[in-house]
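Now for the letters of each chain:
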Amino acid sequence: MATSLAQAIAGARRELAAAGVASPDADAALLAAHALGLSRGETEAKAILGAPEPAGYRELVARRVRREPLQHITGRAPFRQLDLAVGPGVFVPRPETELLVQLALDHARQWREHGEVHPAVVDLGSGSGAIALAVATEDPACRVTAVEREPEALRWTRQNLAGSRVRLLECDYRDVTVEGSGRFCVVVTNPPYVPVGEVPGDPEVRDYDPPTALYGGDESGMLFPAAAMDTALRLLRPGGSFVMEHAESQVETVADALSRRGFVDVQCHRDLTDRPRATTAFLPGERD
Ligand SMILES: C[S@@+](CC[C@H](N)C(=O)[O-])C[C@H]1O[C@@H](n2cnc3c(N)ncnc32)[C@H](O)[C@@H]1O
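Keep in mind that what you see is a predicted model, and the values were worked out from it rather than measured.

A word on the pattern of salt bridges
Then, in step 1: Going through the model one piece at a time under the given rule, you end up with 26 salt bridges.
Then, in step 2: Among the salt bridges present, the one from Glu44 reaches Arg40, with a minimum N-O distance of 3.2 Å. With Glu44 and Arg40 both in helix 3 (residues 40–48), this residue pair falls four residues apart, about one helical turn.
Then, in step 3: When its relative accessible area of 36% is taken as the criterion, Glu44 is described as partly exposed.
Then, in step 4: With its nearest N and O atoms 3.0 Å apart, the salt bridge here joins Arg206 to Asp207.
Then, in step 5: On the basis of relative accessible area, Arg206 is assigned to the partly exposed category, the value being 38%.
Then, in step 6: Salt bridges sharing common partners tie together Asp27, Arg64, Arg67 and Glu204.

Listed below in structure tokens is the structure:
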């Protein structure tokens, strides 16, 4: 007898759980939705109505059992209001990074309330373009620049930013200087910050996220985050803000590094799961 959609999803859920996938229920349903070209809600409704297993579903589940990221299999990553194209060569945007976008938007709004019509925002290490595109989409008054260096990642940055108002600089964020110097209201970044030698345990991260997106350049993981702070010092106007994601273990190191560079009002922020994953700081100046 042919397998029903509901039976196929239940079987996939068991296989995914046994393979150590963190969210087997969601992944089983989302892979079925992908196979059918429907939303998750529509797929679940079809399952209740007794639809058959869709063609190709088993192959999709087998890829996920081998711990290929869900987003690489579907080719899409939801992020705030966006549905981004992702795949091999680019960092898959994470839910905790949505907090960075909110902080950058809040700071941009404060600038607008102080009379800056088009606050300039720059995203260092843009990857899929998630942060830059989310800021530009949610606050169209912002002038947003994205900076990305890695050729493999840039294929995706270009694709996601095509047709948007985000300006893309294809270069090392340590080299962004002259034309942008002292002009930006907000520098936002999710830099590579994993300490070298601390290889992530999840195969989805370890085997699929590009090492250039993960590792922070030394045993503390702080080389690239510190370089982003130095770039921010050059790019920010007085009173401008720096918004950065980091590991939970880096809260104090990040705060020290910012204070040593002359940033003020250094504050750590917790994500939706209550983990301290972002820090904001300001250049002294006209915002005081
Ligand atoms: C952790 S990923 C973040 C990607 C994206 N902003 C996000 O939050 O999903 C870090 C990104 O920074 C880029 N990157 C690393 N070092 C860089 C550098 N020196 N200059 C420009 N981009 C860099 C990597 O290629 C990668 O795309």
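Let's talk about unusual backbone geometry
Then, in step 1: For Arg80, which is not glycine, the phi torsion reads 50° and is therefore positive.
Then, in step 2: Structurally, the position occupied by Arg80 is in the loop between strand 1 (76–79) and strand 2 (82–85).
Then, in step 3: Phi angles above zero are rare outside glycine, and Asp274 is one such case at about 70°.
Then, in step 4: With respect to the helices and strands, the residue Asp274 is situated in the loop between strand 8 (264–270) and strand 9 (276–282).

Here's the deal with the pairing of strand 1
Then, in step 1: Of the two faces of strand 1, only one is covered, namely that formed by Ala77 and Phe79; the face formed by Arg76 and Pro78 stays uncovered.
Then, in step 2: Summarising the sheet, strand 1 and strand 2 pair through four bridges and their orientation is antiparallel. Within strand 2, the position partnered with Arg76 by the bridge is Ala85.
Then, in step 3: Between the end of strand 1 and the start of strand 2, which pair antiparallel, lie two residues, with Arg80 showing a positive phi angle near 50°.

Observations regarding the environment of Gly20
Then, in step 1: Mapping Gly20 onto the fold places it in the loop between helix 1 (5–18) and helix 2 (24–36).
Then, in step 2: Given the relative accessible area of 40%, Gly20 is considered partly exposed.
Then, in step 3: The spacing of Gly20 and Asp202 is 182 residues in sequence and 9.3 Å in space, taken between C-alpha atoms.

Concerning the pairing of strand 7 (residues 236–245)
Then, in step 1: The buried fraction of strand 7 is high, at nine of 10 residues.
Then, in step 2: Relative to strand 7, strand 6 (residues 184–189) is paired through five bridges, and the arrangement is parallel. When the sheet's bridge partners are listed, Val187 is paired in strand 7 with Phe242.
Then, in step 3: Note that strand 7 and strand 9 share five bridges and pair antiparallel. The partner of Met244 across the bridge, within strand 9, is Thr279.

Examining the sheet that holds strand 4 (residues 143–148)
Then, in step 1: Taking strand neighbours across the sheet as the criterion, the seven strands line up as 5-4-3-6-7-9-8 in an open arrangement whose pairing is mixed. Each edge of the sheet is formed by a strand with only one pairing partner; in this case those strands are strand 5 (167–170) and strand 8. Sheet twist, expressed as the average angle between the axes of neighbouring strands with direction ignored, equals 15°.
Then, in step 2: Two elements, strand 3 (residues 120–124) and strand 6, share four bridges in a ladder whose sense is parallel. Counted as the bridge partner of Val121 is Val186 from strand 6.
Then, in step 3: Sitting on the sheet, helix 11 (residues 223–235) touches strand 3, strand 6 and strand 7, and the angle it makes with strand 7 is about 160°.

Observations concerning the nonpolar core
Then, in step 1: By size, the foremost hydrophobic cluster in this structure holds 28 residues, and its most contacted members are Phe79, Val101, Val121, Val135, Val144, Val166 and Val188.
Then, in step 2: Counting residues per element, the ones that place at least two in this core are strand 2, helix 6 (98–113), helix 7 (130–138), strand 4 and strand 6.
Then, in step 3: If we skip the residues at most four places from it in the chain, Val188 touches Leu100, Ala104, Val121, Val122, Asp123, Leu124, Ile131 and Val243.
Then, in step 4: In terms of nonpolar packing, the next biggest core, distinct from the first, is built from 24 residues, Tyr173, Ala227, Phe263 and Leu283 among them.

Concerning the site of the ligand
Then, in step 1: Residues in close proximity to the ligand total 18 residues, the closest being Gly125, Glu148, Asp172, Tyr173 and Asn190.
Then, in step 2: At a separation of 3.4 Å, a nitrogen atom of the ligand approaches a polar backbone atom of Ser126.
Then, in step 3: One nitrogen or oxygen atom from the side chain of Glu148 is found 2.6 Å from an oxygen atom belonging to the ligand.
Then, in step 4: Bound to the protein, the ligand loses 99% of the 600 Å² it would expose on its own.
Then, in step 5: Looking at side-chain class alone, the shell around the ligand contains seven nonpolar, six polar and five charged residues.

Scoring rules and cut-offs
- Residues numbered from 1 in each chain as written.
- Predicted model: local features only at pLDDT ≥ 70, side-chain atom pairs only at ≥ 80, totals over all residues.
- Heavy atoms only, no water.
- Salt bridge = Lys/Arg side-chain N within 4 Å of Asp/Glu carboxyl O.
- Helix = DSSP H or I, 4+ residues; strand = E, 2+ residues; numbered from the N terminus.
- Buried < 20%, exposed > 50% of the residue type's maximum accessible area, 1.4 Å probe, protein only.
- Pairing = 2+ DSSP bridges.
- Axes fitted to C-alpha atoms, helices over the stretch in contact; angles between N-to-C directions.
- Contact = heavy atoms within 4.5 Å.
- Core = buried A, V, L, I, M, F, W, Y, C linked by side-chain atoms within 4.5 Å.
- Near = heavy atom within 4 Å.
- Polar contact = N/O pair within 3.5 Å; in protein donor to acceptor, adjacent residues only side chain to side chain.
- Areas by Shrake-Rupley, 256 points an atom, 1.4 Å probe, with all protein chains shown as cover.
- Nonpolar A, V, L, I, M, F, W, Y, C, P; charged D, E, K, R; others polar.

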